[in-house]
Amino acid sequence: MTALTTLQADRGAALAAAEAAGRLDDAFLDRFDAQFPRLHSLFTELYGARPDGQEQLAETVAVASTAWNLRPLELKARDALREADPAWFQSERMLGGVCYVDRFAGNLAGIRDQIPYFRELGLTYLHLMPLFDAPEGENDGGYAVSSYRRVNPSLGTMEQLTELAADLRTAGISLVLDFIFNHTSDEHEWARKAVAGDPDFEDFYLIFPDRDMPDAYELTTREIFPDDHPGSFVQLEDGRWIWSTFYHYQWDLNYANPAVFRAMAGEMLFLANQGVEVLRMDAVAFIWKRLGTACESLPEAHLLLQAFNAVLAMAAPGMVFKSEAIVHPDEVIAYISPDECELSYNPLQMALTWEALATRDGRLLQDALERRHALPAGTAWVNYVRSHDDVGWTFADEDAAALGIDAFAHRQFLNRFYTGRHDGSFARGVAFQENPATGDARVAGTTASLAGVEAGDAAGEDRVVLAHALALSTGGIPLLYLGDEVAQLNDYSYAEDPLRRGDSRWVHRGNRPRDRYAQRTDLSTPAGRIHRRLTKLVAARQQSPELAGNALIGFRTPHPSVVGYQRPGEDTRVLVLANVGDTEVQVDPLTLSGFESAAFDLVHDTEVDLEEGLALPPHGFVWLRVRVR
Ligand code: GLC
C-alpha cells in the first residue's frame, strides 16, 4: 500500500488501475484529465495521511472508468445534451413532484401508469422516495438501505426502474432518486460483515468496544431522533457501540476510510447508469465526524461531496446533485456550488412561509429573500411548501433578533401554533421528535392540514395557494408534494400501525387520495378549487421567462404583512406581492410608481393600472408583469 504522493505519480497509478479494469476511451480520458487534479487534491486533503490513499484513489478512478464503459448510449446522449445546456434546471418550465412509490401508486408499474397525470400537471422532475431493498418492518420510509443495487421487491425490480427512467425521459421528466450515503441499514452486506469482524469491512462503520469514545463524542453532538434513542450511538448485541445518527437500524458509514468512499462511488455510478438524472444527497451535514465538534457540516463534509461531484463528472457528466441540508441557513448555502451540489432544498423559505402564515407578518421571510436567497451561478434552489419530513424552524437566531424576535420563544410559539395548541390556530399538525430536555420539536402535517383546510378555516384554501405561489415564483425548481395539489389531508391511521406509530411524519405521508384526485375538476370541492388554482399558477409560470433562474430583487411596501419581490427578465420583470395577513392591504400608487403604470396580472390574465394602486385581499397575491420606468 502506498500513501498519496505527487499528482503525476498518483495519476499514473490511477490510469494503470483503470486500464487494468477495462478499456479507456478518449471521452473518458478527456474528463479524467479535467477532473483528476481536483479529485487528487481532495483526496490528499481527506486521505493524505492514509497508507492506502493512492490505492483507493486509483480504484475509484477504475470504478469511474468501468461505469463509463457500461453507461448506456442514450444516457451518454443525455449527458451531451445537459453539458450543452448546463442551465437546464433553471428553466421556468421546471416543475418537480415527489411521492412514495407504494403510497402513491402501489409499485413501479403503478408509477408508470401515472405518467399521463404527471404530464397533465406539467412535471419535469420526479423524485421517487427511497425504493431500495430495506429491512422488512421499520426502515425509516426506505432511508435504511440494505442494497443500493436492488429495488425493494414489493415495489418492483431494477429493470423496471431503468425502464421507468427511460419512459419518464421520453415524457420530459427527469428521475430523481435519493443517494443515502451517510448510512446503510444494519442489514446491508457491509454492515453484517463489519459486525462479524471481516477485516475488509470492519472500518466501514464506527464501532467502539465500550462507552469511552461514544461518551466523548456525545459531549458535543446533537440528538437527532431522540424518540428512538438518546445520543448518537446504539449498542450492538455483543455489547459494542456503533454510530447511529438517525434510527438504531441506520448505521453511519466511516468516511475517514477511503475504501468507504470508493465503495459508495461505485454504488452512486451504478444508480447513475440506471438513468437517474438528479441524486438527492441525503443528510449531507452528518457525513464526517470529529471529536470535540458537533459532527455536523464539518469542512470534510464539503470535500467529500466535491470528491463525489468530481467522480460523477468523470463518469456521468449530465447529472447533478441536490443537497439535503436542513440546518442553519449559513450552512445550507455552503453546500451549494457547481463543484459540490448544484441544487439544494430551501428549508429556510419553506419554514418562513409557514412562520409568516402563522404570525401574519412577512418580515422574516422578506429579509430572508433579500439577504439569503442569492446563489452562485450555475446552481438553483428547490423550493417547496412541505416535504416528506417535518417542518423545522431553521431560521437564524440572529435574523430573528434583528427584528426583535426571541428565536427560542418564537420556535416554541410556532410549534404550539402548528400543533393546534395555540388558541385560534388554524393548523392541524402533529409534533415530531419533541425533546423535553431541550424544548425542541418539529411539526408534521400535510399542507392542507397545516394551512387550515382540515380545521375548516375559511382562509385555509387561500393559504395553500399562497404558499405555493411563493414556492412557484421565487426561482429555481418548485417541488410539489404530490397530493398537496388536491388538498390531501392528514392521515391519522399511522397511530394504529405498529411500524409507523413511533414516527409522526407518517401523518403527512398518506396513500394517494383517490377520491380527491377524482374531484380535481369539481369546483364545489376543496380538491377541485385548489387544483384549479395551482394548475393555473403552474401555467402562468411556464409562460414567464422572468421566473427562470434565481435572480430576485426585494420589493418593500409599508405593510409588514406584504412580502414583495421582483424577478427580473430581459425587458420586463415579474413583481410578486403577497399578503400573508388576515386583512386587506391597499398598496398605494406611490409605492408602485417606479414601474410603468400598465402592468399585466399573470394569474388572472388581466391588465392592471398601477396608478390606481393595488388591493391585496387577505392571503391574496399578484404576479404582475411590469416594466421599470
Ligand atoms: C433525511 C430524510 C429523512 C430520513 C433521514 C435519515 O433527512 O429526508 O426522511 O429520516 O435523512 O436518512
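Reading the values: the criteria
Residues numbered from 1 in each chain as written. Predicted model: local features only at pLDDT ≥ 70, side-chain atom pairs only at ≥ 80, totals over all residues. Heavy atoms only, no water. Phe/Tyr/Trp six-rings, centres within 6.5 Å; stacked < 30°, edge-to-face > 60°. Helix = DSSP H or I, 4+ residues; strand = E, 2+ residues; numbered from the N terminus. Buried < 20%, exposed > 50% of the residue type's maximum accessible area, 1.4 Å probe, protein only. Lys NZ or Arg CZ within 6 Å of the ring centre and 35° of its normal. Pairing = 2+ DSSP bridges. Contact = heavy atoms within 4.5 Å. Salt bridge = Lys/Arg side-chain N within 4 Å of Asp/Glu carboxyl O. Axes fitted to C-alpha atoms, helices over the stretch in contact; angles between N-to-C directions.

With that settled, consider the packing of aromatic side chains. Here the distance between the centres and the angle between the planes together describe a pair of aromatic rings. Scanning the model with the defined rule gives 38 aromatic pairs in all. Ring plane angle 70° and centroid distance 5.9 Å describe the contact between Phe 208 and Phe 233, whose orientation is recorded as edge-to-face. With a gap of 25 residues between them, Phe 208 in strand β7 (residues 207-208) and Phe 233 in strand β8 (residues 233-235) connect regions that are remote in the sequence. In terms of burial, Phe 208 and Phe 233 fall into one category: buried. An aromatic cluster is built from Phe 43, Tyr 47, Phe 132, Tyr 148, Phe 179, Phe 181, Tyr 255, Phe 261 and Phe 308, whose rings are joined through pairwise contacts. A cation over an aromatic ring shows up here: Lys 322 above the ring of Tyr 345, its NZ or CZ 3.8 Å from the ring centre. Positioned above the aromatic ring of Trp 506, the side-chain terminus of Arg 509 is 4.7 Å from the ring centre.

This paragraph deals with the pairing of strand β19 (residues 562-568). Successive residues of a regular strand alternate their side chains across the two faces of the sheet. With six of its seven residues buried, β19 lies for the most part within the structure. For β19 and strand β20 (residues 573-579), the ladder comprises seven bridges, and the chain directions are antiparallel. Paired with Val 562 across the two strands is Asn 579, which belongs to β20. Two successive antiparallel strands, β19 and β20, enclose a turn made up of four residues.

The next point concerns helix α15 (residues 363-371). For α15, the set of buried residues is Leu 364, Leu 365, Gln 366, Asp 367, Ala 368 and Leu 369. Packed against the buried residues of α15 are α14 (347-359), α16 (397-402), α17 (407-418), α19 (460-471), β18 (553-554) and β19.

Once that is clear, we can look at the pattern of salt bridges. A side chain of one charge can pair with a side chain of the opposite charge if their charged atoms are brought near each other. Considering all chains together, one arrives at 43 salt bridges under this definition. The salt bridge partner of Arg 363 is Asp 361, with a shortest N-O separation of 2.9 Å. With its nearest N and O atoms 3.5 Å apart, the salt bridge here joins Arg 371 to Asp 399. Of the two residues, Arg 371 is situated in helix α15 and Asp 399 in helix α16; the sequence distance between them amounts to 28 residues. Residue classification places Arg 371 among the exposed positions, given a relative accessible area of 53%. When salt bridges with common partners are traced through the structure, they connect Asp 140, Asp 389, Asp 503, Arg 505 and Arg 509 into a single cluster.

Across the sheet, which stays open at both edges, the six strands sit in the order β18-β19-β20-β25-β22-β23 with antiparallel pairing between neighbours. With one partner strand each, in any of the chains shown, β18 and β23 (606-609) form the two edges of the open sheet. Pairing of β18 with β19, which is carried by two bridges, proceeds in the antiparallel orientation. By the bridge assignment, Ile 553 is partnered in β19 with Gln 566. Along the sheet, α15 contacts β18 and β19; its crossing angle with β19, the most-contacted strand, is approximately 20°.

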